[in-house]
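A structural walkthrough
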Amino acid sequence: MAFTEMAYKALQDIVGSENVSNDPAICQAYSRVQWLPSGVLQRERCGLAMRPACVVMPGSTQEVQRILQVANRYTFPFVPRGSGFTFSAFPTLAGTIVIDPKRMDRIIELNEKDMYAVIEPYVSFVGLQAEAMKCGLYTPTPLAGSQVSCLANYSWHGAYGNSWITGIGAQNLLGFELVLPDGEVVRSGSMACPGAGSFWNDGPGPDLRGFLRSGMFGHAGGMGVVTKISCKLWPYAGPAEFPAEGTANMKFSSSLGENWKWYMIKFPLKYPEQEEQELRKSAELFYEMGRAEIGEVATHLAQQFLYTYSSVTKQDLFDNMKNDVFPSGFCVVALQGKTSPDQLAYEDRVLHDIVKKVGGIFVKEDEPAYQVWIKRAANEWIRFGNAQRLSRASDCFSIGSSNVDSIDQIVYEILESNKVGRDLLKNEGLGKDFVQPLSMNGGWISPQEYGYWCLHTTDVFPEQAVDQCNQAIEIIGKVTKSQFERRSAAAAIHMIGPAYDLFGPMMGDVHLIVKGLKREFDPGNLSNPGYATRPDVVTPEELAKMMGH
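Below or above, wherever it landed, is the structure these notes cover. All of these numbers come straight from a predicted model, not from anything done at the bench. (Residues numbered from 1 in each chain as written. Predicted model: local features only at pLDDT ≥ 70, side-chain atom pairs only at ≥ 80, totals over all residues. Heavy atoms only, no water.)

**Description of the overall build of the protein chain**
The following threshold applies: A run of H or I in DSSP counts as a helix once it spans at least four residues, and a run of E counts as a strand once it spans at least two, with each numbered from the N terminus. Throughout, the radius of gyration refers to the C-alpha atoms, and the reference size of a globule is 2.2 Å times the residue count to the power 0.38. Exposure classes here rest on a 1.4 Å probe applied to the protein chains alone. A residue is buried below 20% of its type maximum, exposed above 50%, and partly exposed in between. Throughout, a contact is declared for two residues whenever any of their heavy atoms are within 4.5 Å. For the accessible areas, the method is Shrake-Rupley and the probe is 1.4 Å, while residue cover comes only from the protein chains on display.
Regarding its fold elements, the protein chain presents 20 helices and 18 strands. Since a compact globule built from 549 residues should have a radius of gyration of about 24 Å, the 23 Å found for the protein chain is in line with a globular shape. Viewed in the frame of its principal axes, the protein chain has a C-alpha envelope of about 70 × 60 × 45 Å. Within the protein chain, the proportion of its 549 residues that are buried is 60%. Considering only intrachain contacts with a sequence separation of at least 6, the fraction spanning at least 24 residues in the protein chain is 72%. Per element, the accessible surface of the protein chain, about 21200 Å² overall, is 52% carbon and sulfur.

Shown next, in the form of structure tokens:
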């Protein structure tokens, strides 16, 4: 594979000379990896190979088609890029180009009646949110932050502060337009039928979301470039303009109006000795809320999430930890009167009955936990403008474990995963230099769709140092190995990159199906090489070590 001057001129002919660049300074900017441990290791391993040969910015689906046709003609690899938040959006081979669709930033349609939007790749969550709120609608915003590409997030995964209502990205993706690696266009859902509209994923027309998303997380541009999606919008009874006061990291939102109300709930248990009981009581709370079908947000936040997301500075973070502002995990609940204030009043009465039934206690407004979380951070779980705070503790973090299952099974998975992590710390010293007690403690219980199912994550906080990042990856690998040894459902969310080879045999040989599709639609392996197969930055020997083999 090689990128030649002739290929560069062909790209100039497609998008115009002003929309393609091989300037080393510009290309270097596209090789910056964010703070995930995997990204830090990728930066160390690949060096200048992460600098693309050029960056090209198409302005339409037709231009994307022609770019991919040129790539096939001259056989050079390409990486589609959204907002560049994940390590998979960067080259790992010299001679790779980056396709940056930042000129494709239109909200094509915002349908107030049927509650959906049709958008291009560079529409951010905050951009869509601002327009939707004017119409009494809103979109879930990921913990990655409102600045990320809505299209990329839905095509990838997406977990949200209000997943209690919305579910993850897969539940919000209605239809899509995808340029396959060979330049052909495929559409899914009702978008595939001319004149049918963009309102539905199951038809009329084919439902190809499984092809786009594969296992759970999608294939990171390994099957082409998504140029358009249709996505759900949700009822919103707050102000048309999101209310906030202050500037930069001192910006806060104190109220979403009379139709919204926030609560923090705790249990009279000793922490951490009675962590298991606290988590099981939280699960009981969510099950009861699901039966009653109340609430807009319902989630359990471990100390790591409470401290990081509420901190306005690094000093503030460590001061709050020193002062024990969050002595345990807490349940956070929001009610929204979508139809009227009477609905809010009714749900408030039901919630109070449920909390009393499960033995919970409402945190009082004058308590430090309430003042720091509800007053500072709660409304951000609707807008999510404070995502960068998660990495503030060490300037690096990673999900230590994750899973999808029932709520009670998720509680078990959190406890078991944290036990593995703590044993690795005690017996092998892995993670001893991480920021503690944020690492390998507690967990995020995120019930989905009124508790129909549930997602969890736990986090680790290494520094941006190669040795610590290697330890983080090893911890994650061994935790994942333990999940599979106990036949956890975690396989569903690990099916990407090297995990296809590891876990595919446990999932009906899906890795062979995906690789077959890759060979069919990308015979030259040009579209983000390594996805959906094995990234070159991880050797089989290293992979075996990470998994404890």
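**Concerning the state of the cysteines**
Put simply, the rule reads: Two cysteine sulfurs form what is called a disulfide whenever their separation falls within 2.5 Å.
Scanning the model with the defined rule gives zero disulfides in all. Sulfur of Cys 231: no disulfide; nearest cysteine sulfur belongs to Cys 150 and is 4.4 Å away. Not part of a disulfide, Cys 331 finds its nearest cysteine sulfur in Cys 454, a span of 11 Å. The exposure class assigned to Cys 331 is buried, which follows from its relative accessible area of 0%.

**Description of empty space enclosed by the protein**
Quick reminder of the rule: Cavities and pockets are found on a 1 Å grid laid over the protein atoms alone: a cavity is a set of points where a 1.4 Å probe fits but cannot escape, a pocket is an open set with protein on both sides within 12 Å along at least five of seven lines, and a lining residue has an atom within 4 Å of such a point. Grid points are joined across faces, edges and corners, and a volume is the space filled by probe spheres set on the points. Classification convention: Asp, Glu, Lys, Arg as charged; Ala, Val, Leu, Ile, Met, Phe, Trp, Tyr, Cys, Pro as nonpolar; all other residues, Gly among them, as polar.
Enumeration over the complete set of coordinates arrives at two cavities of 30 Å³ or more. By volume, the largest cavity is sized at about 40 Å³. Lining the largest cavity, in full, are Gly 400, Ser 401, Ser 417, Asn 418, Gly 421, Met 440, Thr 458, Val 460, Ile 475 and Val 479. For the lining of the largest cavity, the secondary-structure elements that each account for two or more residues are β16 (398-405), α16 (407-428), β18 (453-460) and α17 (466-485). Looking at the lining of the largest cavity element by element, the count peaks at three residues for α16. For the lining of the largest cavity, the class distribution of residues is four nonpolar, six polar and no charged.

**Focus: unusual backbone geometry**
Here the amide bond leading from Tyr 271 into Pro 272 is cis, since omega sits at 10°, within 30 degrees of zero. Here Pro 272 lies in the loop between β12 (260-266) and α10 (275-292). With a phi angle near 60°, Tyr 450 is a residue other than glycine that sits in the positive phi range. Here Tyr 450 is to be found in the loop between β17 (444-448) and β18.

**Here's the deal with the packing of helix α11 (residues 303-310) against helix α12 (residues 314-322)**
Describing two packed helices takes the angle between their axes plus the distance from one axis to the other. Here is the rule we go by: In this analysis, axes come from line fits to C-alpha atoms, helices being fitted only over the stretch in contact, and the angle between any two N-to-C directions falls in the range 0 to 180 degrees. Working definition: roughly parallel below 35 degrees, roughly antiparallel above 145 degrees, roughly perpendicular at 65 to 115 degrees, and oblique for all remaining angles. Helix crossings get a hand from a simple test, with the near helix turned counterclockwise from the far one by less than a right angle marking a left-handed crossing and a clockwise turn marking a right-handed one.
Following both chains from N to C, one finds α11 and α12 inclined at 140°, their axes separated by 8 Å at the closest point. In terms of axis orientation, α11 runs oblique to α12. Here α11 and α12 pass one another in a crossing that is right-handed. Across the interface between the two elements, Tyr 307, Thr 308 and Ser 310 of α11 pack against Asp 316, Leu 317, Asn 320 and Met 321 of α12. Here the residues of the contact of α11 with α12 are counted per class, giving three nonpolar, three polar and one charged.

**Some thoughts on the side chain of Gln 468**
For Gln 468, the location among the structural elements is in helix α17. Excluding residues within four positions of it along the chain, Gln 468 makes contact with Asp 433, Phe 434, Pro 462 and Glu 463.

**Some thoughts on the nonpolar core**
Rules: Residues enter a nonpolar core if they are buried and are Ala, Val, Leu, Ile, Met, Phe, Trp, Tyr or Cys, with the set joined through side-chain atoms within 4.5 Å. Note that domain bounds follow an automatic or database assignment of domains.
Met 264, Phe 326 and Trp 373 are the most contacted members of the largest nonpolar core, which totals 79 residues. Looking at this core, you find at least three residues from each of domain 2 (107-235) and domain 3 (260-492). Sequence-distant contacts of Phe 326, defined by excluding residues within four places in its chain, comprise Met 264, Gln 303, Leu 306, Tyr 307, Ser 310, Ala 369, Val 372 and Trp 373. In terms of nonpolar packing, the next biggest core, distinct from the first, is built from 26 residues, Leu 137, Phe 176, Phe 211 and Leu 212 among them.

**Here we look at the layout of surface pockets**
Considered as a void within the structure, the second largest pocket measures approximately 290 Å³ in volume. Every residue lining the second largest pocket is counted, 19 residues in all, and those nearest its centre are Lys 261, Trp 262, Glu 365, Tyr 370 and Ile 374.

**Some thoughts on the packing of aromatic side chains**
For any pair of aromatic rings, the description rests on two quantities: the centre-to-centre distance and the angle between the ring planes. Threshold: Two rings belonging to Phe, Tyr or Trp (six-membered ring only in the last case) form a pair when the distance between their centres is within 6.5 Å. Interplanar angles under 30 degrees mark stacking, angles over 60 mark edge-to-face geometry, and anything in between is tilted.
Tallied over the full model, the rule gives 21 aromatic pairs. Taken together, a centroid distance of 6.4 Å and an interplanar angle of 90° make the contact between Tyr 138 and Trp 260 edge-to-face. In this pair, Tyr 138 is assigned in strand β7 (residues 137-138) and Trp 260 in strand β12, connecting sequence segments 122 residues apart. By relative accessible area, Tyr 138 is classed as buried at 1%.

**Quick word on the sheet that holds strand β1 (residues 20-21)**
Put simply, the rule reads: For two strands to pair, DSSP has to find at least two bridges joining them.
Spatially, four strands are ordered β1-β2-β4-β3 in an open sheet, and the strand pairing comes out mixed. Across the chains shown, the open sheet's two edge strands, defined by having one partner strand only, are β1 and β3 (78-80). Summarising the sheet, β3 and strand β4 (residues 97-99) pair through three bridges and their orientation is parallel. Each bridged residue has a counterpart across the sheet, and for Phe 78 the counterpart in β4 is Ile 97.

**Topic: α17**
Basically, it comes down to this: Multiplying 1.5 Å by the residue count of a helix minus one yields the expected span of that helix.
In this model, α17 (20 residues) spans 28 Å end to end at C-alpha, consistent with the 28 Å of a helix rising 1.5 Å per residue. Taken across its 20 residues, α17 has 15 buried, putting it largely inside the fold.

**With respect to the sheet that holds strand β5 (residues 107-111)**
To summarise the sheet geometry, strands pair through backbone hydrogen bonds and adopt either a parallel or an antiparallel arrangement. Read from one edge of the open sheet, five strands run β5-β6-β10-β8-β9, paired in antiparallel fashion. Either end of the sheet is taken by a strand with one partner, and the two such strands are β5 and β9 (185-188). Put simply, the sheet's adjacent strands are angled 10° from each other on average, direction ignored. Bridge count for strand β6 (residues 116-119) against strand β10 (residues 225-232) is four bridges, and the pairing is antiparallel. Looking at β10, one finds that Val 118 is bridged to Ser 230. Its contacts with the sheet put helix α5 (residues 125-133) on β5, β6 and β10, and the angle it makes with β5 is roughly 35°.

Function-wise, these values are silent; they only describe arrangement.
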